[in-house]
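Results of the structural survey
Listed here are the chains, written in short residue letters.
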Amino acid sequence: MSIEIVNVGKRFGDFVALDDVSVSIPSGRLTALLGPSGGGKSTLLRIIAGLERADVGKVEIEGVDATGLPPQKRNVGFVFQHYAAFKHLTVRRNVAFGLEIRKRPKDEIRRRVDELLALVHLEQFAERLPAQLSGGQRQRMALARALAVEPTVLLLDEPFGALDAKVRKELRDWLRRLHDEVHVTTVFVTHDQEEALEVADEIVVINEGRVEQIGSPDDLYDRPANEFVMRFLGPVTQLGDQLVRPHDLQLFSGGTTGVAARVTRVTRIGFEIRVDVATTGGQPVTVTLTRNEFLALGIAVDSEVRVQLAPGSPSTTVSTPEQRTAEPSLATTTS
Ligand SMILES: Nc1ncnc2c1ncn2[C@@H]1O[C@H](COP(=O)(O)OP(=O)(O)OP(=O)(O)O)[C@@H](O)[C@H]1O
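Below you will find a few notes about this structure. This structure is a prediction, so every number in the text was calculated from the model and none was measured. (Residues numbered from 1 in each chain as written. Predicted model: local features only at pLDDT ≥ 70, side-chain atom pairs only at ≥ 80, totals over all residues. Heavy atoms only, no water.)

1. Re the overall build of the chain
Stated precisely, the cut-off is as follows: Only DSSP runs of H or I covering at least 4 residues are called helices, and only runs of E covering at least 2 are called strands; the numbering of each starts at the N terminus. When a residue's accessible area, from a 1.4 Å probe over protein chains only, is under 20% of the maximum for its type it is buried; when over 50% it is exposed; and in between it is partly exposed. Note on definitions: a residue-residue contact is assigned when non-hydrogen atoms from the two residues lie within 4.5 Å. Lys and Arg are tallied as positive, Asp and Glu as negative. Neither His nor the chain termini are counted. Where a charge lies is defined by one atom per residue type, namely NZ (Lys), CZ (Arg), CG (Asp) and CD (Glu).
Looking only at helices and strands, the chain features nine helices and 18 strands. Principal-axis analysis of the C-alpha atoms places the extent of the chain at approximately 80 × 45 × 30 Å. Classification of the 335 residues of the chain by burial places 48% in the buried group. Here the contacts in the chain between residues at least 6 apart in sequence split such that 65% fall between residues at least 24 apart. The centroid of the 40 positive side-chain charges in the chain is displaced by 7 Å from the centroid of its 45 negative side-chain charges.

Printed below as a string of C-alpha coordinates:
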(Lines give C-alpha, C1' and ligand atoms only; values in the text may rest on other atoms or scores of the structure.)
Protein backbone atom coordinates (compact mmCIF):
# COMPACT_ATOMS: atom_id res chain seq x y z
CA MET A 1 0.00 0.00 0.00
CA SER A 2 1.31 3.41 -0.91
CA ILE A 3 -0.73 5.71 1.32
CA GLU A 4 -2.12 4.59 4.67
CA ILE A 5 -4.54 6.89 6.41
CA VAL A 6 -5.17 5.56 9.90
CA ASN A 7 -7.94 6.84 12.21
CA VAL A 8 -7.62 10.42 11.00
CA GLY A 9 -9.84 13.04 12.61
CA LYS A 10 -10.09 16.76 11.85
CA ARG A 11 -12.24 19.51 13.34
CA PHE A 12 -12.63 23.14 12.39
CA GLY A 13 -13.86 24.64 15.67
CA ASP A 14 -16.89 22.53 16.64
CA PHE A 15 -17.37 21.25 13.11
CA VAL A 16 -16.21 17.69 12.49
CA ALA A 17 -14.73 17.66 8.96
CA LEU A 18 -13.27 14.13 9.22
CA ASP A 19 -14.37 11.53 11.74
CA ASP A 20 -12.08 8.55 12.32
CA VAL A 21 -11.18 8.00 8.66
CA SER A 22 -9.03 5.01 7.70
CA VAL A 23 -8.16 4.35 4.04
CA SER A 24 -5.46 2.32 2.29
CA ILE A 25 -4.58 3.76 -1.10
CA PRO A 26 -2.79 1.26 -3.34
CA SER A 27 0.50 2.01 -5.11
CA GLY A 28 0.45 2.88 -8.78
CA ARG A 29 -3.33 3.17 -9.01
CA LEU A 30 -5.71 5.98 -9.76
CA THR A 31 -7.96 6.50 -6.73
CA ALA A 32 -10.92 8.88 -6.59
CA LEU A 33 -12.19 10.55 -3.42
CA LEU A 34 -15.86 10.93 -4.31
CA GLY A 35 -18.69 12.56 -2.41
CA PRO A 36 -21.03 15.51 -2.10
CA SER A 37 -19.79 19.05 -1.52
CA GLY A 38 -18.60 19.69 2.02
CA GLY A 39 -18.15 15.98 2.79
CA GLY A 40 -14.44 16.31 3.61
CA LYS A 41 -12.70 15.13 0.40
CA SER A 42 -10.46 18.19 0.02
CA THR A 43 -9.62 18.18 3.70
CA LEU A 44 -8.45 14.57 3.43
CA LEU A 45 -6.39 15.37 0.31
CA ARG A 46 -4.84 18.38 2.03
CA ILE A 47 -3.94 16.20 5.02
CA ILE A 48 -2.20 13.73 2.67
CA ALA A 49 -0.36 16.67 1.05
CA GLY A 50 0.67 18.10 4.43
CA LEU A 51 -1.15 21.39 3.77
CA GLU A 52 -3.43 20.64 6.71
CA ARG A 53 -2.62 18.79 9.95
CA ALA A 54 -4.90 16.05 11.29
CA ASP A 55 -5.96 16.48 14.94
CA VAL A 56 -5.59 12.73 15.50
CA GLY A 57 -4.45 9.77 13.43
CA LYS A 58 -1.58 8.95 11.15
CA VAL A 59 -0.58 9.36 7.50
CA GLU A 60 2.00 7.02 5.99
CA ILE A 61 3.39 7.52 2.48
CA GLU A 62 5.36 4.62 0.99
CA GLY A 63 6.08 3.17 4.40
CA VAL A 64 7.30 6.49 5.86
CA ASP A 65 5.35 8.13 8.68
CA ALA A 66 4.50 11.49 7.10
CA THR A 67 2.13 12.72 9.84
CA GLY A 68 4.54 15.41 11.05
CA LEU A 69 6.36 16.12 7.78
CA PRO A 70 5.96 19.46 5.95
CA PRO A 71 4.60 19.28 2.36
CA GLN A 72 8.02 19.72 0.70
CA LYS A 73 9.38 16.65 2.52
CA ARG A 74 6.55 14.34 1.40
CA ASN A 75 7.50 14.10 -2.26
CA VAL A 76 3.96 14.74 -3.44
CA GLY A 77 2.90 16.75 -6.49
CA PHE A 78 -0.41 18.59 -6.53
CA VAL A 79 -2.75 20.30 -8.93
CA PHE A 80 -5.78 22.32 -7.89
CA GLN A 81 -8.89 23.47 -9.71
CA HIS A 82 -7.66 27.02 -10.22
CA TYR A 83 -4.07 26.41 -10.98
CA ALA A 84 -1.76 29.37 -10.38
CA ALA A 85 0.94 29.40 -13.04
CA PHE A 86 3.81 31.87 -13.14
CA LYS A 87 2.26 34.32 -15.59
CA HIS A 88 5.51 35.89 -16.78
CA LEU A 89 7.23 32.53 -17.45
CA THR A 90 6.80 30.45 -20.61
CA VAL A 91 5.17 27.04 -20.48
CA ARG A 92 8.65 25.48 -20.67
CA ARG A 93 9.94 27.52 -17.72
CA ASN A 94 6.79 26.80 -15.69
CA VAL A 95 7.31 23.05 -16.16
CA ALA A 96 11.03 23.39 -15.44
CA PHE A 97 10.50 25.41 -12.27
CA GLY A 98 10.71 22.59 -9.71
CA LEU A 99 13.84 21.19 -11.39
CA GLU A 100 15.54 24.61 -11.54
CA ILE A 101 15.08 25.27 -7.84
CA ARG A 102 16.54 21.84 -7.19
CA LYS A 103 19.55 22.99 -9.25
CA ARG A 104 19.53 20.05 -11.65
CA PRO A 105 21.97 20.25 -14.60
CA LYS A 106 20.69 22.33 -17.56
CA ASP A 107 20.87 19.39 -20.03
CA GLU A 108 18.90 17.13 -17.77
CA ILE A 109 16.24 19.82 -17.24
CA ARG A 110 15.87 20.37 -21.00
CA ARG A 111 15.55 16.64 -21.68
CA ARG A 112 13.06 16.05 -18.88
CA VAL A 113 10.90 19.07 -19.81
CA ASP A 114 10.83 17.96 -23.48
CA GLU A 115 9.66 14.52 -22.35
CA LEU A 116 6.96 15.99 -20.13
CA LEU A 117 5.70 18.43 -22.76
CA ALA A 118 5.40 15.50 -25.19
CA LEU A 119 3.57 13.47 -22.54
CA VAL A 120 0.94 16.19 -22.04
CA HIS A 121 0.86 17.05 -25.78
CA LEU A 122 2.06 20.62 -25.38
CA GLU A 123 5.33 20.48 -27.37
CA GLN A 124 4.22 23.13 -29.83
CA PHE A 125 3.22 25.52 -27.02
CA ALA A 126 6.52 25.42 -25.11
CA GLU A 127 7.40 29.06 -25.76
CA ARG A 128 3.95 30.50 -25.08
CA LEU A 129 2.88 32.25 -21.89
CA PRO A 130 0.17 30.61 -19.74
CA ALA A 131 -2.33 33.34 -20.74
CA GLN A 132 -1.98 32.16 -24.36
CA LEU A 133 -3.26 28.66 -23.50
CA SER A 134 -6.81 27.35 -23.21
CA GLY A 135 -8.10 26.22 -19.80
CA GLY A 136 -7.56 22.55 -20.65
CA GLN A 137 -4.03 23.20 -21.91
CA ARG A 138 -3.24 25.09 -18.71
CA GLN A 139 -4.37 22.15 -16.58
CA ARG A 140 -2.16 19.84 -18.67
CA MET A 141 0.75 22.19 -18.07
CA ALA A 142 -0.04 22.05 -14.35
CA LEU A 143 0.11 18.25 -14.47
CA ALA A 144 3.44 18.33 -16.31
CA ARG A 145 4.80 20.71 -13.69
CA ALA A 146 3.61 18.49 -10.85
CA LEU A 147 5.16 15.42 -12.50
CA ALA A 148 8.49 17.14 -13.25
CA VAL A 149 10.02 16.42 -9.85
CA GLU A 150 9.00 12.74 -10.02
CA PRO A 151 6.66 12.72 -7.04
CA THR A 152 5.80 9.43 -5.34
CA VAL A 153 2.22 10.58 -5.18
CA LEU A 154 0.20 12.91 -7.39
CA LEU A 155 -2.73 14.70 -5.70
CA LEU A 156 -5.40 16.38 -7.82
CA ASP A 157 -8.20 18.47 -6.29
CA GLU A 158 -11.01 18.78 -8.86
CA PRO A 159 -8.35 19.53 -11.48
CA PHE A 160 -10.87 19.86 -14.30
CA GLY A 161 -13.67 21.36 -12.22
CA ALA A 162 -13.58 24.82 -13.76
CA LEU A 163 -13.66 23.64 -17.37
CA ASP A 164 -16.63 23.14 -19.68
CA ALA A 165 -18.19 19.68 -20.01
CA LYS A 166 -16.56 18.77 -23.33
CA VAL A 167 -13.01 19.72 -22.34
CA ARG A 168 -13.56 18.04 -18.99
CA LYS A 169 -14.47 14.81 -20.72
CA GLU A 170 -11.41 15.01 -23.02
CA LEU A 171 -9.09 15.63 -20.07
CA ARG A 172 -10.64 12.76 -18.16
CA ASP A 173 -9.82 10.32 -21.00
CA TRP A 174 -6.42 11.88 -21.29
CA LEU A 175 -5.72 11.53 -17.53
CA ARG A 176 -6.64 7.84 -17.72
CA ARG A 177 -4.23 7.29 -20.63
CA LEU A 178 -1.51 9.37 -18.98
CA HIS A 179 -1.83 7.28 -15.85
CA ASP A 180 -1.61 4.07 -17.85
CA GLU A 181 1.76 5.36 -19.18
CA VAL A 182 3.21 6.85 -16.01
CA HIS A 183 1.70 4.71 -13.19
CA VAL A 184 2.35 7.26 -10.48
CA THR A 185 0.08 6.73 -7.46
CA THR A 186 -2.64 9.30 -8.06
CA VAL A 187 -5.45 10.50 -5.80
CA PHE A 188 -8.06 12.86 -7.22
CA VAL A 189 -11.02 14.59 -5.65
CA THR A 190 -14.30 14.79 -7.51
CA HIS A 191 -17.98 15.25 -6.71
CA ASP A 192 -18.91 13.88 -10.14
CA GLN A 193 -19.81 10.20 -9.93
CA GLU A 194 -19.53 9.71 -13.67
CA GLU A 195 -15.98 11.07 -13.62
CA ALA A 196 -15.01 8.72 -10.78
CA LEU A 197 -16.67 5.66 -12.35
CA GLU A 198 -15.02 6.34 -15.69
CA VAL A 199 -11.49 7.20 -14.61
CA ALA A 200 -10.69 5.58 -11.26
CA ASP A 201 -9.38 2.11 -10.42
CA GLU A 202 -10.56 2.56 -6.83
CA ILE A 203 -13.19 4.87 -5.38
CA VAL A 204 -13.45 6.08 -1.79
CA VAL A 205 -16.93 7.46 -1.11
CA ILE A 206 -16.82 10.17 1.55
CA ASN A 207 -19.86 11.80 3.10
CA GLU A 208 -20.16 14.00 6.19
CA GLY A 209 -16.59 13.29 7.20
CA ARG A 210 -16.90 9.51 7.07
CA VAL A 211 -16.00 6.80 4.58
CA GLU A 212 -19.20 5.20 3.24
CA GLN A 213 -17.54 2.60 1.00
CA ILE A 214 -14.23 1.77 -0.71
CA GLY A 215 -14.10 -0.35 -3.83
CA SER A 216 -13.72 -0.60 -7.58
CA PRO A 217 -16.29 1.15 -9.77
CA ASP A 218 -17.98 -2.25 -10.30
CA ASP A 219 -18.09 -2.99 -6.55
CA LEU A 220 -19.73 0.32 -5.82
CA TYR A 221 -22.21 0.19 -8.66
CA ASP A 222 -23.18 -3.48 -8.33
CA ARG A 223 -22.78 -3.92 -4.58
CA PRO A 224 -23.48 -0.56 -2.92
CA ALA A 225 -22.84 -0.82 0.82
CA ASN A 226 -25.82 1.31 1.74
CA GLU A 227 -28.59 3.59 0.57
CA PHE A 228 -26.32 6.63 0.40
CA VAL A 229 -23.88 4.97 -2.03
CA MET A 230 -26.74 3.58 -4.11
CA ARG A 231 -28.35 7.00 -4.46
CA PHE A 232 -25.09 8.83 -5.05
CA LEU A 233 -23.82 6.58 -7.84
CA GLY A 234 -26.66 6.67 -10.29
CA PRO A 235 -30.39 7.08 -10.86
CA VAL A 236 -32.68 5.20 -8.47
CA THR A 237 -36.34 4.44 -8.13
CA GLN A 238 -38.30 2.62 -5.46
CA LEU A 239 -40.26 -0.63 -5.81
CA GLY A 240 -41.95 -1.63 -2.56
CA ASP A 241 -39.36 -0.89 0.12
CA GLN A 242 -36.44 -1.57 -2.25
CA LEU A 243 -34.29 1.10 -3.84
CA VAL A 244 -33.33 -0.10 -7.32
CA ARG A 245 -31.92 1.23 -10.59
CA PRO A 246 -34.55 2.06 -13.24
CA HIS A 247 -32.65 0.08 -15.91
CA ASP A 248 -32.60 -3.03 -13.69
CA LEU A 249 -36.40 -3.23 -13.75
CA GLN A 250 -38.22 -5.49 -16.19
CA LEU A 251 -41.67 -4.87 -17.62
CA PHE A 252 -44.05 -7.54 -18.91
CA SER A 253 -47.22 -6.89 -20.85
CA GLY A 254 -48.95 -9.91 -19.31
CA GLY A 255 -48.39 -12.89 -17.02
CA THR A 256 -48.18 -13.04 -13.27
CA THR A 257 -44.54 -12.20 -12.44
CA GLY A 258 -43.79 -9.14 -10.35
CA VAL A 259 -46.20 -6.43 -9.36
CA ALA A 260 -49.23 -5.18 -11.30
CA ALA A 261 -49.00 -1.60 -12.55
CA ARG A 262 -50.38 0.80 -15.12
CA VAL A 263 -48.29 2.94 -17.48
CA THR A 264 -48.71 6.65 -16.69
CA ARG A 265 -46.18 8.26 -18.98
CA VAL A 266 -43.70 7.36 -21.73
CA THR A 267 -40.74 9.66 -22.44
CA ARG A 268 -37.97 9.23 -24.93
CA ILE A 269 -34.58 10.34 -23.53
CA GLY A 270 -31.89 9.96 -26.19
CA PHE A 271 -31.47 6.24 -26.86
CA GLU A 272 -33.54 5.24 -23.83
CA ILE A 273 -37.25 5.14 -23.16
CA ARG A 274 -38.38 6.09 -19.71
CA VAL A 275 -41.61 4.43 -18.70
CA ASP A 276 -43.33 5.75 -15.59
CA VAL A 277 -45.81 3.35 -14.05
CA ALA A 278 -47.97 3.32 -10.95
CA THR A 279 -48.46 0.07 -9.07
CA THR A 280 -51.96 -0.95 -7.98
CA GLY A 281 -50.88 0.18 -4.50
CA GLY A 282 -50.33 3.68 -5.97
CA GLN A 283 -46.54 3.69 -5.87
CA PRO A 284 -44.88 5.58 -8.75
CA VAL A 285 -41.99 3.61 -10.28
CA THR A 286 -39.64 4.62 -13.10
CA VAL A 287 -38.36 2.02 -15.55
CA THR A 288 -35.84 2.69 -18.31
CA LEU A 289 -35.80 0.46 -21.39
CA THR A 290 -33.93 0.46 -24.66
CA ARG A 291 -36.03 1.47 -27.65
CA ASN A 292 -36.11 -2.13 -28.89
CA GLU A 293 -37.25 -3.49 -25.52
CA PHE A 294 -39.98 -0.88 -25.44
CA LEU A 295 -41.19 -1.61 -28.99
CA ALA A 296 -41.21 -5.37 -28.33
CA LEU A 297 -43.57 -4.84 -25.37
CA GLY A 298 -46.14 -2.99 -27.48
CA ILE A 299 -47.26 -0.84 -24.54
CA ALA A 300 -48.48 2.75 -24.26
CA VAL A 301 -49.95 5.08 -21.64
CA ASP A 302 -52.71 3.27 -19.67
CA SER A 303 -51.46 -0.23 -20.58
CA GLU A 304 -51.62 -2.79 -17.77
CA VAL A 305 -48.13 -4.17 -17.08
CA ARG A 306 -46.20 -6.22 -14.52
CA VAL A 307 -42.94 -4.87 -13.10
CA GLN A 308 -40.14 -6.74 -11.37
CA LEU A 309 -36.47 -6.36 -10.52
CA ALA A 310 -34.26 -8.33 -12.91
CA PRO A 311 -32.77 -11.30 -11.01
CA GLY A 312 -29.29 -10.58 -9.58
CA SER A 313 -29.66 -6.78 -9.72
CA PRO A 314 -28.51 -4.62 -6.81
CA SER A 315 -31.05 -3.19 -4.40
CA THR A 316 -31.05 -1.78 -0.90
CA THR A 317 -33.85 -1.49 1.60
CA VAL A 318 -35.04 2.08 2.05
CA SER A 319 -34.55 3.20 5.64
CA THR A 320 -37.74 5.24 6.02
CA PRO A 321 -40.81 3.85 4.26
CA GLU A 322 -42.20 7.26 3.31
CA GLN A 323 -38.93 8.31 1.64
CA ARG A 324 -39.44 9.43 -1.95
CA THR A 325 -37.23 8.35 -4.81
CA ALA A 326 -34.23 10.56 -5.60
CA GLU A 327 -35.49 11.03 -9.13
CA PRO A 328 -39.19 11.60 -8.59
CA SER A 329 -41.33 10.38 -11.41
CA LEU A 330 -43.94 12.67 -12.90
CA ALA A 331 -46.50 9.89 -12.67
CA THR A 332 -50.04 10.64 -11.66
CA THR A 333 -51.17 7.68 -9.64
CA THR A 334 -54.00 5.54 -10.85
CA SER A 335 -55.38 2.53 -9.07
N1 LIG B 1 -10.14 26.05 7.00
C2 LIG B 1 -11.39 25.73 7.32
N3 LIG B 1 -12.04 26.33 8.33
C4 LIG B 1 -13.31 25.99 8.66
N5 LIG B 1 -14.05 25.05 8.04
C6 LIG B 1 -13.46 24.43 7.02
C7 LIG B 1 -12.12 24.71 6.59
N8 LIG B 1 -11.82 23.90 5.55
C9 LIG B 1 -12.92 23.16 5.33
N10 LIG B 1 -13.90 23.45 6.20
C11 LIG B 1 -15.22 22.81 6.27
O12 LIG B 1 -15.04 21.41 6.33
C13 LIG B 1 -16.01 20.75 5.54
C14 LIG B 1 -15.34 19.82 4.54
O15 LIG B 1 -14.69 20.63 3.56
P16 LIG B 1 -13.96 19.99 2.31
O17 LIG B 1 -13.44 21.12 1.49
O18 LIG B 1 -13.02 18.98 2.77
O19 LIG B 1 -15.17 19.29 1.57
P20 LIG B 1 -15.22 18.68 0.12
O21 LIG B 1 -15.85 17.35 0.28
O22 LIG B 1 -13.90 18.75 -0.52
O23 LIG B 1 -16.22 19.66 -0.58
P24 LIG B 1 -16.10 20.44 -1.98
O25 LIG B 1 -16.34 19.42 -3.04
O26 LIG B 1 -17.20 21.45 -1.88
O27 LIG B 1 -14.73 21.05 -2.00
C28 LIG B 1 -16.86 21.82 4.89
O29 LIG B 1 -18.07 21.95 5.62
C30 LIG B 1 -16.03 23.07 5.02
O31 LIG B 1 -16.83 24.21 5.14
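2. Examining the site of the ligand
Quick note on the threshold: Nearness is defined per residue: one heavy atom within 4 Å of the molecule or strand is enough. Each polar contact in these results corresponds to two N or O atoms within 3.5 Å; when the atoms are within protein, one needs to be able to donate a hydrogen and the other to accept it, and residues that are neighboring in sequence are counted only if both atoms are side-chain atoms. Accessibility throughout is a Shrake-Rupley quantity obtained with a 1.4 Å probe, and a residue counts as covered only by protein chains that appear here. Ten residue types, Ala, Val, Leu, Ile, Met, Phe, Trp, Tyr, Cys and Pro, are classed as nonpolar, four, Asp, Glu, Lys and Arg, as charged, and the remainder, Gly among them, as polar.
Neighbouring the ligand are Phe12, Phe15, Ala17, Pro36, Ser37, Gly38, Gly39, Gly40, Lys41, Ser42 and Thr43. Contacts to the ligand include Ser37, whose side-chain N or O atom sits 2.6 Å from an oxygen atom. Contact with the protein chains covers 58% of the free accessible surface of the ligand, which is 630 Å². Residue assignment for the shell around the ligand shows that the elements contributing at least two residues are β2 (15–25) and α1 (41–49). Considering every element that reaches the shell around the ligand, the biggest residue donor is α1, with three residues. Considered class by class, the residues forming the shell around the ligand number four nonpolar, six polar and one charged.

3. A closer look at the nonpolar core
Put simply, the rule reads: Among buried residues, those of type Ala, Val, Leu, Ile, Met, Phe, Trp, Tyr and Cys that are joined through side-chain atoms within 4.5 Å constitute a nonpolar core.
Counting 45 residues, the largest nonpolar core has Val95 and Ile203 as its most contacted members. Considering every element that reaches this core, the biggest residue donor is helix α4 (residues 135–148), with seven residues. Formed by 23 residues, the second largest nonpolar core is a distinct cluster that contains Ile25, Leu44, Val153 and Ile206.

4. A word on the packing of helix α2 (residues 91–101) against helix α3 (residues 106–119)
Heads up, the rule is: Inter-axis angles, ranging from 0 to 180 degrees, are taken between N-to-C directions of lines fitted to C-alpha atoms, where helices are fitted over the stretch in contact. Should an angle fall under 35 degrees it is taken as roughly parallel, and over 145 as roughly antiparallel, whereas 65 to 115 is taken as roughly perpendicular and any remaining angle as oblique. Less than a right angle of anticlockwise turn of the near helix away from the far helix marks a crossing as left-handed, whereas a clockwise turn marks it as right-handed.
Between α2 and α3, the least distance of the axes is 10 Å, while the angle of their chain directions is 125°. Taken together, the axis directions place α2 and α3 in an arrangement best described as oblique. Pair α2 / α3 crosses with right-handed handedness. Where α2 approaches α3, its residues Val91, Arg92, Val95, Ala96, Leu99 and Glu100 are matched on the opposing element by Ile109, Arg110, Arg112, Val113, Asp114, Leu116 and Leu117.

5. Quick word on empty space enclosed by the protein
Threshold: Cavities and pockets are found on a 1 Å grid laid over the protein atoms alone: a cavity is a set of points where a 1.4 Å probe fits but cannot escape, a pocket is an open set with protein on both sides within 12 Å along at least five of seven lines, and a lining residue has an atom within 4 Å of such a point. Grid points are joined across faces, edges and corners, and a volume is the space filled by probe spheres set on the points.
If you walk through the whole model with that rule in mind, you get two cavities of 30 Å³ or more. Looking at the largest cavity, its volume works out to about 50 Å³. What lines the largest cavity is simply Leu30, Leu147, Leu154, Leu175, Leu178, His179, Val182, His183, Val184 and Thr186. Ranked by the residues each element gives to the lining of the largest cavity, the list is headed by helix α5 (residues 165–182), at four residues. Grouping the amino acids of the lining of the largest cavity by side-chain chemistry returns seven nonpolar, three polar and no charged. In this structure, the second largest cavity spans a volume of roughly 40 Å³. Within the lining of the second largest cavity, the residues separate by chemical class into three nonpolar, one polar and three charged.

6. Considering the pattern of salt bridges
Heads up, the condition is: What counts as a salt bridge is simple: a side-chain nitrogen of Lys or Arg found within 4 Å of a carboxyl oxygen of Asp or Glu.
Enumeration according to the criterion identifies 26 salt bridges in this entry. Residue Arg46 is joined to Glu52 by a salt bridge in which the shortest nitrogen-to-oxygen separation is 3.3 Å. In this structure, Asp201 engages Arg176 in a salt bridge whose closest nitrogen and oxygen atoms are separated by 3.0 Å. Here Asp201, found in the loop between α6 (193–199) and β9 (202–207), pairs with Arg176, found in helix α5; they are 25 residues apart in sequence, far enough to count as distant.

7. Re the packing of α2 against α4
Two elements in contact, α2 and α4, have axes separated by 7 Å at closest approach and are oriented at 25°. In terms of orientation, α2 and α4 fall into the roughly parallel class. When the axes of α2 and α4 are compared, the crossing they make is right-handed. Taken together, the residues of α4 that come into contact with α2 (itself represented by Val91, Asn94, Val95 and Leu99) are Met141, Ala144, Arg145 and Ala148. For the contact of α2 with α4, a count of residues per class yields six nonpolar, one polar and one charged.

8. Quick word on the side chain of Arg140
Mapping Arg140 onto the fold places it in helix α4. Notably, Arg140 is buried but unbridged: the nearest opposite-charge side chain belongs to Glu170, and the N-O separation is 6.2 Å. Separated by 3.0 Å, the side chain of Arg140 and the backbone oxygen of Val120 make a polar contact. If near-sequence neighbours (up to four positions away) are discounted, Arg140 is found in contact with Val120, His121, Leu122, Leu171 and Trp174.

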